[in-house]
Amino acid sequence: MDKKLIVANWKCNPTTFKKAELLFDLIKKGLKNIKNVEVVICPPFVYLTTINKKRETSIKTGGQDCFWKKKGPFTGEVSPDMLKDLGCRYVIIGHSERRRYFSETDTMINKKLKLTLKKKLKPILCIDKISQVKKDLKGISRGEIKNIVLAYEPLFAIGTGKTASPEKAAEFNLSIKRILGDKVLILYGGSVSSKNARGFIQESGFQGLLIGGASLRAKEFIRIVKNIDSLR
Ligand code: 13P
């Protein structure tokens, strides 16, 4: 079985450095013998330095966003080079919360994708509609698309406890593969828990998960990763 990818998106949590450190320590301790899953933790930027120092090579890290320029007078922004320099391998791009609360457009997302690919940082592109795929990936070659991870996050499922049905999710998965080929890795995100995680992999055919709320509860997150790790 190919390794599955499980990404923890901590979003704007936890509120203190101490809590972030504790959460990471618990997760790291609980995931010592994981073989079939690559785990990526995406904490707020301010915790990345410490977490990158503490992590072992089996756990990877990522940013929750980045800018489309490598440096300069862009107050508040963080560049792909900066993330790479800290040891991050991944970066989430185009999360629906960025599109919604920070007015990120497909054009901005497209520029971010191009720079992260150039810098060899793996983007995790979040979408909730098929129509976003073409706009977000405009001008990006087939060869480069293989280096992008896609995450299907239906809006109604984010933080609501509701999930897409396995059939609907599978349909979305297939539609993306029809457009981008079957080499592209696709994650499911939206109210993932230890109760439903396996279904998205086994029934809907996703290669991994993007987890928000449940990744802030160490025991639950560890349970999800172990559930997927034990799949045959
Ligand atoms: P929840 O798992 O809290 O629904 O969040 C999903 C998400 O937005 C991950 O990026």
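See the structure above.
Now for a quick tour of the structure. If you're wondering where the values come from, they're calculated on a predicted model, not measured in any experiment.

**Description of the sheet that holds strand β6 (residues 149–152)**
Okay, step 1: Strand order in the closed barrel made by the eight strands is β1-β2-β3-β4-β5-β6-β7-β8, with parallel pairing throughout. Ignoring which end each strand starts from, the neighbouring axes of this sheet average 25° apart.

**Details of the layout of surface pockets**
In this approach a probe as big as a water molecule rolls over the atoms, and the regions it shows empty are the leftover space.
Okay, step 1: Put simply, the largest pocket is a space of about 360 Å³.
Okay, step 2: In terms of lining, the largest pocket is formed by 14 residues, of which the most central are Lys11, Cys12, Gln64, Arg98 and Phe102.
Okay, step 3: Broken down by secondary-structure element, the contributors of at least two residues to the lining of the largest pocket are α2 (45–54) and α4 (96–101).
Okay, step 4: Broken down by class, the residue content of the lining of the largest pocket amounts to seven nonpolar, three polar and four charged.
Okay, step 5: The calculated volume of the second largest pocket comes to roughly 240 Å³.
Okay, step 6: If you trace the second largest pocket, you find 21 residues lining it, with Gly159, Ser191, Gly212, Gly213 and Ala214 closest to the centre.

**Focus on the packing of aromatic side chains**
Okay, step 1: For the structure on display, the rule yields eight aromatic pairs.
Okay, step 2: Between Phe17 and Tyr47 the ring centres are 6.4 Å apart and the planes differ by 50°, which places this aromatic pair in the tilted class. Placement of the pair is Phe17 in helix α1 (residues 17–30) and Tyr47 in helix α2, with a sequence separation of 30 residues.
Okay, step 3: Relative accessible area serves as the criterion here: at 40%, Phe17 is assigned to the partly exposed category.
Okay, step 4: Here Tyr152 and Tyr188 contribute two aromatic rings whose centre-to-centre distance is 6.1 Å and whose plane-to-plane angle is 70°, an arrangement assigned as edge-to-face. Taken together, the residues Tyr152 in strand β6 and Tyr188 in strand β7 (residues 185–189) connect sequence positions 36 residues apart. Both residues of the pair, Tyr152 and Tyr188, count as buried.
Okay, step 5: The structure contains a cluster of three or more aromatic residues connected by ring pairs, namely Tyr152, Phe172, Tyr188, Phe200 and Phe206.
Okay, step 6: If you follow Arg98 out to its NZ or CZ, it ends over the ring of Phe102, 4.1 Å from the centre.

**Describing the site of the ligand**
Okay, step 1: Surveying the vicinity of the ligand reveals the residues Asn9, Lys11, His95, Glu153, Ala157, Ile158, Gly159, Gly190, Ser191, Leu210, Gly212 and Gly213.
Okay, step 2: For the ligand, an oxygen atom lies 2.6 Å from a polar atom in the backbone of Gly159.
Okay, step 3: Ser191 is positioned such that a nitrogen or oxygen atom in its backbone is 2.7 Å from an oxygen atom of the ligand.
Okay, step 4: Alone, the ligand offers 310 Å² of accessible surface; in the complex the protein occludes 95% of this.
Okay, step 5: Comparing atom positions with the cavity grids shows the ligand to sit within the second largest pocket.
Okay, step 6: Here the shell around the ligand is built from residues that sort into three nonpolar, seven polar and two charged.

**Brief notes about the side chain of Lys60**
Okay, step 1: With respect to the secondary-structure elements, Lys60 resides in strand β3 (residues 59–63).
Okay, step 2: Classification of Lys60 as buried rests on a relative accessible area of 10%.
Okay, step 3: When sequence neighbours within four positions are dropped, the list of residues in contact with Lys60 reads Glu38, Val39, Val40, Ile41, Arg55, Arg89 and Tyr90.

**Quick look at helix α10 (residues 218–229)**
Since the α-helix turns once every 3.6 residues, residues separated by three or four places project in the same direction.
Okay, step 1: The end-to-end C-alpha separation of α10 is 16 Å, in line with the 16 Å expected for 12 residues at 1.5 Å each.
Okay, step 2: Among the 12 residues of α10, nine are classified as buried, and the element is accordingly described as predominantly covered.
Okay, step 3: If you check which residues of α10 are buried, you get Ala218, Glu220, Phe221, Ile222, Ile224, Val225, Asn227, Ile228 and Asp229.
Okay, step 4: Taken together, the buried residues of α10 touch β1 (4–9), α1, β2 (37–42), α9 (197–202) and β8 (208–211).

Conventions used here
- Residues numbered from 1 in each chain as written.
- Predicted model: local features only at pLDDT ≥ 70, side-chain atom pairs only at ≥ 80, totals over all residues.
- Heavy atoms only, no water.
- Pairing = 2+ DSSP bridges.
- Helix = DSSP H or I, 4+ residues; strand = E, 2+ residues; numbered from the N terminus.
- Axes fitted to C-alpha atoms, helices over the stretch in contact; angles between N-to-C directions.
- 1 Å grid on protein atoms, 1.4 Å probe; cavity = no way out; pocket = protein on both sides within 12 Å on 5 of 7 lines; lining within 4 Å.
- Points joined across faces, edges and corners; volume = space filled by probe spheres on them.
- Nonpolar A, V, L, I, M, F, W, Y, C, P; charged D, E, K, R; others polar.
- Phe/Tyr/Trp six-rings, centres within 6.5 Å; stacked < 30°, edge-to-face > 60°.
- Buried < 20%, exposed > 50% of the residue type's maximum accessible area, 1.4 Å probe, protein only.
- Lys NZ or Arg CZ within 6 Å of the ring centre and 35° of its normal.
- Near = heavy atom within 4 Å.
- Polar contact = N/O pair within 3.5 Å; in protein donor to acceptor, adjacent residues only side chain to side chain.
- Areas by Shrake-Rupley, 256 points an atom, 1.4 Å probe, with all protein chains shown as cover.
- Sits in = over half its atoms within 2 Å of the grid points.
- Contact = heavy atoms within 4.5 Å.
- Expected span 1.5 Å × (residues − 1).

Limitation: the analysis is restricted to geometry and does not speak to function.
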